[in-house]
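Take a look at the letters that make up each chain.
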Amino acid sequence: MTNLPSLEELLKKGVHFGHKTSKRHPKMSPFIFTKRNGVHVIDLEATVANLRDAIAFVEKITKSGGTILFIGSKKQAKTIVREAAENCDMPYIVGRWLGGTFTNFNNIVKLTKKLETLTTEKADGTWDRYTKKEQVTMSKQMKKLEDTVGGIRKMQKLPEAVFVVDIKKEKTAVMEANKVGLPIVAMTDTNTNPEKVKYPIPANDDAIKSIRIITDLISEAIKNAKK
């Protein structure tokens, strides 16, 4: 079992800072400890309790050979999410969400195959047969695909679960996951509706240190489960 962080560690990383009280989502009330200077403070004991459940769930999925897709496209989360996913060898999406990624997955597989073809043909010299102008067009196409589906190029079927950093920012992904019945593990800040996810982790989803500690814990739990 992955070691859970202490309340002191979570405090140090600013996991407890919520949003302005005016932005509170009523469903987050059970996870709010108090308010200070017009800002809600998250109950870190609830964070640890929910983290325990979330970690047990991702370990169970991983042990049964399942895939967990990491999603986080906001500026301060991109690098953290990509590194954490790569660290535990799981797919990720940190670029623009393509509508239909879950609800029309066959089309997404076509795009990942297109990316594979372009990558292979560039490496084996096939591109040399084309004009400079054509090569520039292909390069742009490859870059675009790299940004959108590069992190899921090996994903041949829908994942068994998803981990999301900011469910407000990734609302389309959350909506699609719910539509196809994919369980969601997610960081839920005080301005979000935790009922949209199966395993909400009450936490500040804006601060880099907070995003990193929670995301790395999920990644570490997957790595441990693979052993």
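Bear in mind the structure is a predicted one, so any value in this text is a computation, not a measurement.

Focus: the sheet that holds strand 5 (residues 92–93)
Hydrogen bonds along the backbone pair up the strands of a sheet, which may run parallel or antiparallel.
Thinking step 1. One open sheet holds the five strands; their spatial order is 5-4-6-7-8, and the pairing between them is parallel. Since the sheet does not close on itself, it has two edges, and those belong to strand 5 and strand 8 (199–202), each with one partner.
Thinking step 2. Two elements, strand 4 (residues 68–71) and strand 5, share two bridges in a ladder whose sense is parallel. Bridge assignment links Ile 71 to a residue of strand 5, and that residue is Ile 93.

Quick look at the packing of helix 4 (residues 105–123) against helix 5 (residues 132–149)
Thinking step 1. Following both chains from N to C, one finds helix 4 and helix 5 inclined at 130 degrees, their axes separated by 10 Å at the closest point. With respect to their mutual orientation, helix 4 and helix 5 come out oblique. Of the two elements, helix 4 crosses helix 5, and the hand of that crossing is left-handed. Of the residues in helix 5, those touching helix 4 at Ile 108, Leu 111, Thr 112, Lys 114, Leu 115, Leu 118, Thr 119 and Lys 122 are Met 138, Gln 141, Met 142, Leu 145, Glu 146 and Val 149.
Thinking step 2. Class assignment for the residues of the contact of helix 4 with helix 5 results in eight nonpolar, three polar and three charged.

Quick word on helix 4
Thinking step 1. Compared with an ideal rise of 1.5 Å per residue, which puts 19 residues at 27 Å, helix 4 spans 27 Å between its outermost C-alpha atoms and is within 8% of the ideal.
Thinking step 2. Phe 105, Ile 108, Val 109, Thr 112, Leu 115 and Leu 118 are the residues of helix 4 that are buried.
Thinking step 3. Buried-residue contacts for helix 4 involve helix 5.
Thinking step 4. Two residues or fewer after helix 4 comes Gly 125, characterised by a positive phi angle close to 90 degrees.

Observations regarding helix 5
Thinking step 1. Helix length check: helix 5 (18 residues) gives 25 Å between terminal C-alpha atoms against 26 Å at 1.5 Å per residue, within 8%.
Thinking step 2. Among all positions in helix 5, only Gln 135, Met 138, Met 142, Leu 145, Thr 148 and Val 149 are buried. Seen end-on, helix 5 carries its buried residues on one side only, within an arc spanning 155 degrees. Those residues of helix 5 that are exposed and angled more than 90 degrees off the buried face are Lys 132, Lys 133, Thr 137, Lys 140 and Lys 144.
Thinking step 3. For helix 5, the elements touching its buried residues are strand 5 and helix 4.

Reading the values: the criteria
Residues numbered from 1 in each chain as written. Predicted model: local features only at pLDDT ≥ 70, side-chain atom pairs only at ≥ 80, totals over all residues. Heavy atoms only, no water. Pairing = 2+ DSSP bridges. Helix = DSSP H or I, 4+ residues; strand = E, 2+ residues; numbered from the N terminus. Axes fitted to C-alpha atoms, helices over the stretch in contact; angles between N-to-C directions. Parallel < 35°, antiparallel > 145°, perpendicular 65-115°, else oblique. Left-handed = near helix turned anticlockwise from the far one by under 90°. Contact = heavy atoms within 4.5 Å. Nonpolar A, V, L, I, M, F, W, Y, C, P; charged D, E, K, R; others polar. Expected span 1.5 Å × (residues − 1). Buried < 20%, exposed > 50% of the residue type's maximum accessible area, 1.4 Å probe, protein only. Arc of directions from axis to C-beta.

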